[in-house]
Amino acid sequence: MTRKPKISIITITFNAAETLERTIKSIASQDYSNIEYIIIDGGSTDTTCSLIRQYTPIIDYWVSEPDQGLYHAMNKGLAASTGDYVWFINAGDEIYEPSTISQVFDSQPYSDIYYGNTVMTNMKGDIIGDRRLSPPDKLDWQSFKKGMLVSHQSIIVKRTIASSYNLKYRFSADFEWCIVALKKAGRVKNTHLTLSKFLDGGITKKNIMPGLRERFDIMRRYYGLASTLLSHIPITLNFIAFYFKNKRF
């Protein structure tokens with residue numbers, strides 16, 4: 001029997017004792033056996049590390065030490081990973097259901113990237129709705145001209161095409177990371193599944209305008225200034241309008 005791909009699931013944490021356990025449990029509940037689970041903690045001062053120690057039987061590698069921010073921690077997770085694929089499910093986020101990974105890798109040939117839908121949850125873990133942007137039927141690196149159509153928590157990338165995050169960007173390095181991976185990918189598969197539950201809030205929501213400025217710079221670099229001006233202005237206006245209407249993203 002052909003070996004199923006090894007999936008490195010990476011969780012980034014910092015003072016996340018309130019939300020981390022449901023993330024860990026969602027990974028522990030997977031019926032897919034070939035999982036490598038990595039937790040990179042930024043030197044938490046709450047009970048996060050005590051919680052991690054309770055679950056060491058299912059954690060392949062973890063470390064708690066100060067870092068230079070979210071994307072530096074993600075780079076540390078990538079460096080520690082040994083799987084065929086990498087998937088970031090950060091503290092507070094969850095894999096959608098126990099059979100999710102098995103459904104993703106239920107057939108060959110295996111793709112370079114898998115993607116799907118995302119639902120939003122609140123601090124209690126209750127589903128509060130779908131993500132604002134829906135994944136397109138077909139995804140390539142040019143798709144991100146229309147914004148981040150796929151949540152970072154709902155994209156699974158072959159490790160050999162997963163670059164390090166660009167630490168120049170504090171809020172939108174994941175946006176560029178997805179573009180770079182898609183440019184390298186030969187086969188991209190829409191799973192037509194909901195892959196993750198994403199905890200509403202976080203670094204991007206709290207830093208809307210700096211994040212938009214970073215995305216504009218990324219889009220300018222990859223798509224050119226004229227194309228970015230044409231596509232980014234309506235994205236920005238819709239983004240702001242949605243915020244004032246719903247008070248969440």
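Residues numbered from 1 in each chain as written. Predicted model: local features only at pLDDT ≥ 70, side-chain atom pairs only at ≥ 80, totals over all residues. Heavy atoms only, no water.

Draft legend 1. Representation of helix H1 (residues 20–28). Taken together, the buried positions of H1 are occupied by Leu 20, Arg 22, Thr 23, Ile 24, Ser 26 and Ile 27. Packed against the buried residues of H1 are strand E1 (7–13), strand E2 (35–41), helix H2 (48–54), strand E5 (94–95) and strand E9 (188–199). (Buried < 20%, exposed > 50% of the residue type's maximum accessible area, 1.4 Å probe, protein only. Helix = DSSP H or I, 4+ residues; strand = E, 2+ residues; numbered from the N terminus. Contact = heavy atoms within 4.5 Å.)

Draft legend 2. Highlighting the packing of aromatic side chains. The full count for this structure, using the stated rule, is 11 aromatic pairs. Judged by centre distance (5.6 Å) and plane angle (55 degrees), the rings of Phe 144 and Phe 175 are tilted. Taken as a pair, Phe 144 in the loop between strand E7 (127–130) and strand E8 (155–158) and Phe 175 in helix H5 (residues 173–184) lie far apart in primary sequence, 31 residues in all. Taken individually, Phe 144 and Phe 175 each receive the classification buried, so the pair is uniform in this respect. Within the aromatic cluster, the residues linked to one another by ring pairs are Tyr 32, Tyr 85, Phe 105, Tyr 110 and Tyr 114. In this structure, Lys 183 is placed above the aromatic ring of Trp 141, and the distance from its NZ or CZ to the ring centre is 4.6 Å. (Phe/Tyr/Trp six-rings, centres within 6.5 Å; stacked < 30°, edge-to-face > 60°. Lys NZ or Arg CZ within 6 Å of the ring centre and 35° of its normal.)

Draft legend 3. Summary view of the pairing of E9. Summarising the sheet, E5 and E9 pair through two bridges and their orientation is antiparallel. Within E9, the residue paired with Glu 94 across the bridge is Lys 197. In terms of strand pairing, strand E6 (residues 113–121) meets E9 through eight bridges, oriented parallel. Each residue of the ladder has a partner; that of Asn 117, found in E9, is Thr 194. (Pairing = 2+ DSSP bridges.)

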